[in-house]
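Commentary on secondary and tertiary structure
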Amino acid sequence: MSQSVTVRVPAKVNVQLAVGAARPDGFHDLANVFLAVGLYDEVTVTPADALRVTCSGPDASQVPLDASNLAARAATALGARHGIAPDVHIHIAKDIPVAGGMAGGSADAAGALLACDALWNTGSTRDELLALCAGLGSDVPFSLVGGAALGVGRGEQLTPVEVGGTFHWVFAVADGGLSTPAVYREFDRLTAGTRVPAPVVSPTLLDALRSGDTAALAGALSNDLQAPALSLRPSLARTLAAGTVAGARAALVSGSGPTTAFLAEDEAAARALADALTASGTCRTARTAVSPAPGATLC
Ligand code: C5P
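As the structure is a computational prediction, the values presented were derived from the model and not from experiment.

Here we come to the overall build of the protein. Counting its regular elements, the protein contains 10 helices and 12 strands. Relative to the compact-globule value of 19 Å for 299 residues, the protein shows a C-alpha radius of gyration of 19 Å, a close match. C-alpha atoms of the protein, sized along the principal axes, occupy 55 × 40 × 35 Å. Taking the intrachain contacts of the protein between residues at least 6 apart in sequence as the baseline, contacts between residues at least 24 apart amount to 77%. Accessible area for the protein stands at about 12,100 Å²; split by element, carbon and sulfur atoms hold 53% of it. Taking the average location of the 19 positive side-chain charges in the protein and that of its 26 negative ones, the two points are 4 Å from each other.

Below, the discussion takes up the pairing of strand β1 (residues 5-22). Judged by how many residues are buried, β1 sits mostly within the fold: 15 of 18 residues are covered. For β1 and strand β2 (residues 28-47), the ladder comprises 15 bridges, and the chain directions are antiparallel. Looking at the pairing, R8 lines up with E42 of β2. Two successive antiparallel strands, β1 and β2, enclose a turn made up of 5 residues, where G26 displays a positive phi of approximately 95°.

Of all hydrophobic cores here, the largest spans 65 residues; its most connected members are V15, I90, W169, F171, L209 and L217. Mapping this core onto the domain boundaries places at least three of its residues in each of domain 1 (5-161) and domain 2 (167-291). Within the second largest apolar cluster, 25 residues are counted, among which are V19, V183, Y184 and L240.

The next subject is the pattern of salt bridges. One pass over the full model with this rule turns up 13 salt bridges. The partner of D29 in a salt bridge is R23, and the shortest N-O contact between them spans 2.9 Å. Overall, D29 belongs to the partly exposed group, its relative accessible area being 33%. Given a relative accessible area of 23%, R23 falls into the partly exposed group. A salt bridge links K94 to D41; the nearest nitrogen and oxygen atoms lie 2.2 Å apart. Placement of the pair is K94 in the loop between β4 (88-93) and α2 (104-119) and D41 in strand β2, with a sequence separation of 53 residues. The burial state of K94 is the same as that of D41; both residues are buried. One salt-bridge network, in which partners are shared between bridges, spans R23, D25 and D29.

With that settled, consider unusual backbone geometry. Keep in mind that most residues, glycine aside, have a negative phi and that most peptide bonds are trans. In the segment running from G257 into P258, the intervening peptide bond is cis, with an omega of 10°. For P258, the location among the structural elements is in the loop between β9 (250-253) and β10 (260-264). Residue P292 is reached from S291 by a cis peptide bond, and omega for that bond is 0°. Within the element layout of this structure, P292 appears in the loop between β11 (285-291) and β12 (297-298). Residues other than glycine seldom take positive phi values, yet A103 does so here, at roughly 65°. Positionally, A103 belongs in the loop between β4 and α2. Take A103: its relative accessible area is 10%, and that puts it in the buried class.

Thresholds applied
- Residues numbered from 1 in each chain as written.
- Predicted model: local features only at pLDDT ≥ 70, side-chain atom pairs only at ≥ 80, totals over all residues.
- Heavy atoms only, no water.
- Helix = DSSP H or I, 4+ residues; strand = E, 2+ residues; numbered from the N terminus.
- Rg over C-alpha atoms; globule rule 2.2 N^0.38 Å.
- Contact = heavy atoms within 4.5 Å.
- Areas by Shrake-Rupley, 256 points an atom, 1.4 Å probe, with all protein chains shown as cover.
- Lys, Arg positive; Asp, Glu negative; His and termini not counted.
- Charge placed at Lys NZ, Arg CZ, Asp CG, Glu CD.
- Buried < 20%, exposed > 50% of the residue type's maximum accessible area, 1.4 Å probe, protein only.
- Pairing = 2+ DSSP bridges.
- Core = buried A, V, L, I, M, F, W, Y, C linked by side-chain atoms within 4.5 Å.
- Domains from an automatic or database assignment.
- Salt bridge = Lys/Arg side-chain N within 4 Å of Asp/Glu carboxyl O.

Here is the structure:
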């Protein structure tokens, strides 16, 4: 009998992304406050003759389907740990923008890991899954846990963060992606010769999340990768300006971009803002979503 397992996994936005100097291993120490948002990929694993990946959705053609796909690497890593050949068909129903700074690839990895764990009855503990996630990428552990969390180290060492309300977002999706390593390299170039302070989480930001206060959160958002993302993709400044003119409470680049994130007062304001951003011609499309959202969940 051929059974299959489906897992739903959220996107994220970084409400604070404080970046330190490059470490000897090439990574950067971070104070990274992740917030999961309600845009989801669905990852389905089904027993097969060999490992293969397929993808559906409007941006499916941009997703690599070979062994470099992070979901394939997740299945391989879990299989290797348990002596199981990772002979599964992984199907990704993709709704998270691709290479957009919203952790779509990380979401697929966390989803594949949880789905294969259920399919193979490997019974991994949460800590075992988190360790495998950290080996796959800095953002993968957060995709598993969702909600809101502070990530330190390279972003993989998580502490949960309390969120006292619902936040309404609009995400403007740009044409084409941005390479995360290239954005970090640009950060290094722009900060060369300066003393980069050690990254520290903002207490004001944590208070804003705890109180669920949109105006307070709007005033506390920050992203040290915004300047390098804008340097590599200057047209994003027009998108940020269009959202601000259209009434966004705050506008920032999501993670390493090029997706831009806009905070809105409520659902109606978010819908109006999404319409205005789409009409502005400064982005490919605009999506509304609420946060926080749950982490990877079996369907
Ligand atoms: O961990 P992940 O594979 O997602 O990282 C992708 C790339 O982003 C790294 O190879 C590195 O260039 C950069 N990165 C970094 N510091 C971090 C996280 C990522 O420099 N904390």
